[in-house]
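One letter stands for each residue in the lines below.
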Amino acid sequence: MANTDNLTGVRNSGLAIADPLIGSTAQILEVTGKGEVSVATTLTEVQLGIKVQAKTATEVQEQVTQRSTAVVDVLQKLGAKELQTTSIQLNPVYSFENGTQTLTGFEGLNTLQFELPTVQSGAAIDKAIQAGANVIQNISFTASDEVLQQARLQVLSEAVKDAKAQAQAVFSTLQLTPGQIIDIDINSNDNPTLSPFVSNLITDRVSTTPIIGGSQTIKASVSLDIGYSPNSGVILDLPLNGLQQYA
């Protein structure tokens, strides 16, 4: 692959190609442009659980099932989207005394996940707790699909413009003639804003839980392989570390 100049981050592969636009042998310059944009989140994804302890596994399952059904019914009435069960657990509970392990009961945990507009999520969590949920495991925020798609297109455009500006600066400084774009590589990344992880049991609630969403950052990078050839009088085999002489 291409070598990278430590000063500029611009890579010159040193490969020779035939460029029909230039009519002579050309080499390849690789540049990577970056784009980044932040958008406001409007949706909240919640993971909450129903945790029960009892002396027998049957008792645990009966209580978990009853309370889970009530929570699901509440969330469905609230219009929760992407409602699904993400985990079902049933584990023995032991006590230890004088090096002896004794079975004292069982513990069950059902975990549900759902999505609602952020402005509705606080009240939804409170109603789910009233219906039987007693563990909040995670909360994350995201923008709508439409907003995210627009942001992705915007950062790609910014990344291409950045790569183009870098290439133009190099070509102009070294008096090179640009040719065709030989290859394009795209890398994008969405970074949702997450809330701190919470695993403690929820007991008493006296008011609506305030839920405040953050922003979501969309990033992308675009690498361009651009053919080029020198103008007359310019030496192509100039060492890359010599670029600093033209800054």
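Residues numbered from 1 in each chain as written. Predicted model: local features only at pLDDT ≥ 70, side-chain atom pairs only at ≥ 80, totals over all residues. Heavy atoms only, no water.

## Describing the side chain of Q137
Now for step 1: In this structure, Q137 sits in strand β7 (residues 135-142).
Now for step 2: Using a relative accessible area of 17% as the deciding quantity, one classes Q137 as buried.
Now for step 3: A polar contact is formed between the side chain of Q137 and the side chain of T111, at a distance of 3.3 Å. (Helix = DSSP H or I, 4+ residues; strand = E, 2+ residues; numbered from the N terminus. Buried < 20%, exposed > 50% of the residue type's maximum accessible area, 1.4 Å probe, protein only. Polar contact = N/O pair within 3.5 Å; in protein donor to acceptor, adjacent residues only side chain to side chain.)

## Remarks on a nonpolar patch on the surface
Now for step 1: On the surface, Y94, F96 and L103 cluster together into a nonpolar patch covering about 340 Å² of accessible area.
Now for step 2: With respect to the helices and strands, the residue F96 is situated in strand β5 (residues 81-97).
Now for step 3: Judged by relative accessible area, which is 61%, F96 ranks as exposed. (Patch = residues over 30% accessible without salt bridge, like charges linked within 9 Å, V, L, I, M, F, W, Y side chains within 5 Å. Areas by Shrake-Rupley, 256 points an atom, 1.4 Å probe, with all protein chains shown as cover. Salt bridge = Lys/Arg side-chain N within 4 Å of Asp/Glu carboxyl O.)

## Remarks on the pairing of strand β4 (residues 43-54)
Now for step 1: As paired elements, β4 and strand β6 (residues 100-117) share 12 bridges and run antiparallel to each other. Bridge assignment links L43 to a residue of β6, and that residue is P117. (Pairing = 2+ DSSP bridges.)

## A closer look at unusual backbone geometry
Now for step 1: Positive phi outside glycine occurs at E82, with the angle close to 55°.
Now for step 2: Relative to the assigned elements, E82 resides in strand β5.
Now for step 3: Overall, E82 belongs to the exposed group, its relative accessible area being 55%.

## Examining the environment of Q27
Now for step 1: Here Q27 lies in strand β3 (residues 24-40).
Now for step 2: Each C-alpha atom, one on Q27 and one on P178, is 9.6 Å from the other, the two residues being 151 residues apart in sequence.

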